[in-house]
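Commentary on secondary and tertiary structure
As a plain string of letters, each chain reads:
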Amino acid sequence: MDMLAGKVKMTQQSVNNGMNPTDMLERPIRLHAKDVTVHYGAKQALFGISIDIPDRAVTSFIGPSGCGKSTFLRCINRMNDTIEGAKVRGLIELDGEDIYDPALDVVELRARIGMVFQKPNPFPKSIYENVAYGPKIHGLARSKSDLDEIVVSSLRKAGLFEEVKDRLNEPGTGLSGGQQQRLCIARAIAVGPEVILMDEPCSALDPIATAIIEELIDELRENFTIVIVTHSMQQAARVSQKTAFFHLGKLIEEGVTEDIFTNPVNKQTQDYIMGRIG
Amino acid sequence: MNSLIIAGLLVLLLGLAYQTGWSKSRSLVTPDGIKVHSRPQYHGALVAIWTLVPALLIVGLWANFGDSATRAFTVSQIPPDVIMGLDEIALNATIQRIGALASGYGVVGEVQPFEQAAGAALRQFQFLSFLLVVAAAAGTGILALLYARSRITARLRARNAVERVMNLALLACSGVAILTTVGIVASLLTEALRFFTFINPLDFFFGTVWAPKFSSTGTGDAGQYGILPLLSGTLMVAAIAMAVAVPVGLMTAIYLSQYAPRSVRAVVKPIIEILAGIPTIVYGFFALVTVGPFLNKAGAMIGLDISATSALTAGVVMGIMIIPFISSLSDDILNQVPLALRDGAYGLGATQSETIRNVLLPAALPGIVGAFLLAVSRAIGETMIVVLAAGNSPVLRGSPFEPVSTITVSIVNQLTGDTDFAGPQSLVGFALGLTLFVMTLLLNIVALYIVRRFREQYE
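Residues numbered from 1 in each chain as written. Chains lettered and ligands numbered in written order. Predicted model: local features only at pLDDT ≥ 70, side-chain atom pairs only at ≥ 80, totals over all residues. Heavy atoms only, no water.

As annotated in an unreviewed UniProt entry, chain B is Phosphate transport system permease protein from Devosia limi DSM 17137. Per UniProt, chain B has the following entry under Function (unreviewed entry): "Part of the binding-protein-dependent transport system for phosphate; probably responsible for the translocation of the substrate across the membrane." According to UniProt, the comment filed for chain B under the heading Sequence similarities (unreviewed entry) is "Belongs to the binding-protein-dependent transport system permease family. CysTW subfamily." (UniProt positions renumbered as here; feature names shortened; annotations may be inferred.)

The name given to chain A in an unreviewed UniProt entry is Phosphate ABC transporter ATP-binding protein, with the source organism recorded as Devosia limi DSM 17137. Listed in UniProt under the heading Sequence similarities (unreviewed entry), the comment for chain A reads: "Belongs to the ABC transporter superfamily."

So this is what it looks like as structure tokens:
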């Protein structure tokens, strides 16, 4: 318990750790979105979103409920395709490639852009099978030992291996909420994605589990481009280097996290940060 | 007529009691603000219960013992010398004649003077006893009402008492279902045990020949009652039915729940459900007139000798009958799998069919297996299709292309027509019914166990 408390403290101290603003702006652009609009049936949910997402950094989307931040996130790996009546217009490019190009295979796209959901959603299978599932369907492992290696290294990267190494064959649903969420992160990592999208990954977790996940996100940014949607401004401040503020389906302001929180240009952003709206 | 009057009286009492309790409770609330424990509705309900229960008890007592009292009175009205000359059957007939005279229906034959007199006396007795019951019920009810009313105070916990009574009433209702089950099992069991006094249970459960002889053949030989030919027929037909229904039903459910656009679903689902509403006897015609001859010709083309009425015919048609059962249950179960699981698989880049095969079906499997087992128990108990289409040939055979007979068909054969329940010829029906009941009961228990055991997997 003492150790965990220490972790919480450490994470809170590490606001914007290690990366200065200019460094961040010099990073190559991984994802590029231009004029993205989304309609659900007759209702328009997003209005002309344009944003660049830098490589190997954490970008956070903040804003009040229903502002379109999750909708935009789900455009990036085309999860909106599974919703009946959803219509996405505009351009989204991953490394200069249009992800809505009809010639592009959505299955491959989702292997390159992993996703972690709001509520931990491990499959009703063993811990091992949960992580091994993605590599299996994409044929990433040639042999059983290959697969074992992928599973173990993914669990390690997700900081879960030590806790579950003796019970890999037990059901993933038997873990605690925080462990389940890290299992879902391991499951996403196992496919070897370049980008990981996280849709409010901590909203169903307690503060300690949240702190552990936040620390994990910080470690993961070494190897992955991360986009996180969050309700909590403190979380955005703690884990992200770039922040975008959404309101009523529009992108109001985006920039280096430190700037957004200390020196917002837009009045609405200011109000939200100060707690006057949302 | 009389019972209508009593029912009306009780309703009247009920309303009166409720109103009394309600207004008494209202009167407790005074401007100086006494806090009343329960709302007036609860006081009203409590007084109503207090009033109704004793009144109902008296009416119920009369309903139970009134008949024997009436009978005793009637007997007392018949002159002793007449009674001496009557045996029991004749006495019952006389009592019935008197009853008919009393109610003014008239009787066959000449009315004897003593019957006329007894009828008139009985009429008077019935009228008086009815008045007495009504008066007693109303009187007790009103006394109870007054007592209950006097007990209403601000601190009376009427709400808790009413809730407790409701609780008991609900318990009693569920008890009806349980008691009915127990009653059915008991009646099956006693008759089956009588059967086993004629036939050795070993010969019944392990006999391979089914050849019951009716007593009218006059040989005195009861015949042979081996259940195995029937059991094998039943299982064969059920297995064929499941082989047809499981793949078709499950695929239908997958299509409807995962692939079908809303517009298609809106049309297809009701049509499939119509299939479930067709009477089984109509399926029987269908089997006899269409499917049987078709299978016969199709078999002839590939050199198979398929009888038009066979296990195959009955099984295929029964399978068609079960399809909506399986598809609609499985559809519900697949739709209950949390959307988050589906999203999780898509998020990893799984295709739609991979998601269904590897995530949705395993998660839904316990429920689907439960649906299968419920369908099997329906197939085993199904009667009309096999009566018409299975060929009614209770011989132990291995081929599904030949006529068979099932347990249900044999029950129909043994229990229809002119039977008395004294010999093994008809009592065997109960033994067969008991066997069937135990089989389906075990299947249902296994199904429920599987559903419960694996249910929490995705919680």
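With that out of the way, let us pick up the overall build of chain A. Secondary structure summary: chain A contains twelve helices and ten strands in total. The C-alpha radius of gyration computed for chain A amounts to 19 Å, which stays within 12% of the reference 19 Å derived for 278 residues, consistent with globular compactness. Its C-alpha atoms give chain A principal-axis dimensions of about 55 × 50 × 35 Å. Going through the 278 residues of chain A one by one, you find that 54% of them count as buried. Contacts in chain A between residues far apart in sequence, at least 24 positions, make up 69% of those at least 6 positions apart. In the form shown here, chain A has an accessible surface area of approximately 12200 Å², with 50% of it arising from carbon and sulfur atoms. Taking the 31 positively charged and 37 negatively charged side chains of chain A as two groups, their mean positions are separated by 4 Å. (Helix = DSSP H or I, 4+ residues; strand = E, 2+ residues; numbered from the N terminus. Rg over C-alpha atoms; globule rule 2.2 N^0.38 Å. Buried < 20%, exposed > 50% of the residue type's maximum accessible area, 1.4 Å probe, protein only. Contact = heavy atoms within 4.5 Å. Areas by Shrake-Rupley, 256 points an atom, 1.4 Å probe, with all protein chains shown as cover. Lys, Arg positive; Asp, Glu negative; His and termini not counted. Charge placed at Lys NZ, Arg CZ, Asp CG, Glu CD.)

All right, on to the confidence of the model for chain B then. Looking at chain B as a whole, its pLDDT mean stands at 87, while 95% of the residues score no less than 70. In the model of chain B, helix α3 (residues 80-84) of chain B stands out as the element of lowest mean pLDDT, 79, in contrast to helix α8 (residues 228-259) of chain B, which has the highest, 93. (pLDDT = per-residue confidence, 0-100.)

In this section: the packing of α8 of chain B against helix α13 (residues 352-381) of chain B. All names here are of chain B. Running from N to C, α8 and α13 cross one another at 145 degrees; their axes reach a closest spacing of 10 Å. Crossing geometry of α8 relative to α13 is assigned as right-handed. When α8 is examined against α13, the residues T234, A238, M242, V246, L250, I254, Q258 and Y259 are found in contact with a partner set consisting of Q352, S353, I356, L360, L361, I368, F372, A375, V376, A379 and I380. For the contact of α8 with α13, the residue count by class is 15 nonpolar, four polar and no charged. (Axes fitted to C-alpha atoms, helices over the stretch in contact; angles between N-to-C directions. Left-handed = near helix turned anticlockwise from the far one by under 90°. Nonpolar A, V, L, I, M, F, W, Y, C, P; charged D, E, K, R; others polar.)

On to the interface of chain B and chain A. Contact with chain B, which involves 20 residues of that partner, is made by 24 residues of chain A. Summing the contributions of chain B and of chain A, the shared interface buries around 1800 Å²; its carbon and sulfur component is 60%. Inspection of the chain B/chain A interface yields two salt bridges. The closest approach of N and O atoms between D343 of chain B and R74 of chain A, which form a salt bridge, is 3.7 Å. For the pair chain B and chain A, the interface holds five residue pairs in polar contact (both at pLDDT 80 or more). Contributing elements (two or more residues each) for the side of chain B that touches chain A: α12 (339-347) and α13 of chain B. Sorting elements by how many residues they give to the side of chain B that touches chain A places α12 of chain B first, with eight residues. (Buried area = accessible area lost by both parts, 1.4 Å probe. Salt bridge = Lys/Arg side-chain N within 4 Å of Asp/Glu carboxyl O. Polar contact = N/O pair within 3.5 Å; in protein donor to acceptor, adjacent residues only side chain to side chain.)

Residues and elements named next belong to chain A. Pairing between strand β1 (residues 29-40) and strand β2 (residues 43-54): eight bridges, direction antiparallel. Counterpart to L31 in the pairing with β2 is I53. The turn joining β1 and β2, which pair antiparallel and follow one another in sequence, is formed by two residues; a positive phi near 65 degrees is taken by G41. (Pairing = 2+ DSSP bridges.)

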